[in-house]
Amino acid sequence: MLPLTAAAQTQETVDVSRLPLNLNRIQRELRQSAIREEREGLNLRYIVDVYGQAPPLVILGPEDDLVHGPVPYGAPTHREMIEHVTPKEYRAPGADFGALLRWLAERGNKK
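Note that this is a predicted model, so its numbers are computed, not measured.

Asks: Sorry if this is basic, but what is going on with the overall build of the protein chain here?
Replies: The helix and strand tally for the protein chain stands at four helices and two strands. Secondary structure elements of the protein chain, listed N to C terminal, follow the sequence α-α-β-β-α-α. Put simply, the protein chain has 111 residues, and 2% of those count as buried. Counting only carbon and sulfur atoms, one obtains 58% of the accessible surface of the protein chain, whose full area is about 11,900 Å².

Asks: What's the story with the confidence of the model for the protein chain in this structure? I'm lost.
Replies: Caution applies to low-pLDDT regions: their predicted coordinates should not be interpreted in detail. Overall, the prediction assigns the protein chain a mean pLDDT of 77, with 72% of residues at 70 or greater. No element of the protein chain has a lower mean pLDDT than helix α1 (residues 2-10), which averages 54, and none a higher one than helix α3 (residues 78-85), which averages 90.

Asks: Help me out: how do you make sense of a nonpolar patch on the surface in this one?
Replies: There is a patch of nonpolar side chains on the surface, built from V14, L19, L21, L23, I26 and L30 and spanning about 550 Å² of accessible area. Mapped onto the fold, L21 is located in the loop between α1 and α2 (23-33).

Rules used in this analysis
Residues numbered from 1 in each chain as written. Predicted model: local features only at pLDDT ≥ 70, side-chain atom pairs only at ≥ 80, totals over all residues. Heavy atoms only, no water. Helix = DSSP H or I, 4+ residues; strand = E, 2+ residues; numbered from the N terminus. Buried < 20%, exposed > 50% of the residue type's maximum accessible area, 1.4 Å probe, protein only. Areas by Shrake-Rupley, 256 points an atom, 1.4 Å probe, with all protein chains shown as cover. pLDDT = per-residue confidence, 0-100. Patch = residues over 30% accessible without salt bridge, like charges linked within 9 Å, V, L, I, M, F, W, Y side chains within 5 Å. Salt bridge = Lys/Arg side-chain N within 4 Å of Asp/Glu carboxyl O.

Okay, structure coming up:
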């Protein structure tokens, strides 16, 4: 226990006035949360303490366009499926037909 108390004694005190807190607001909210409402129903007693509200759940925001925009995480397109099942070596064409046509055109112009 001696090392634990020595560490606690060497700890600096915190200047509360420099913290970005509104103490009046915290005290007001704590006073409101101390009010309890008790009801009896079927010989059951229950106490509900509410300390704050949960943030609202935004499932579809204004940036979600379900009419005209693509649906994220939807089914893959035909092109994506072909790219997935075809090995990379077989995706590229065997010959560059554009270069072949340019070579033939240049050869025809020289004659």
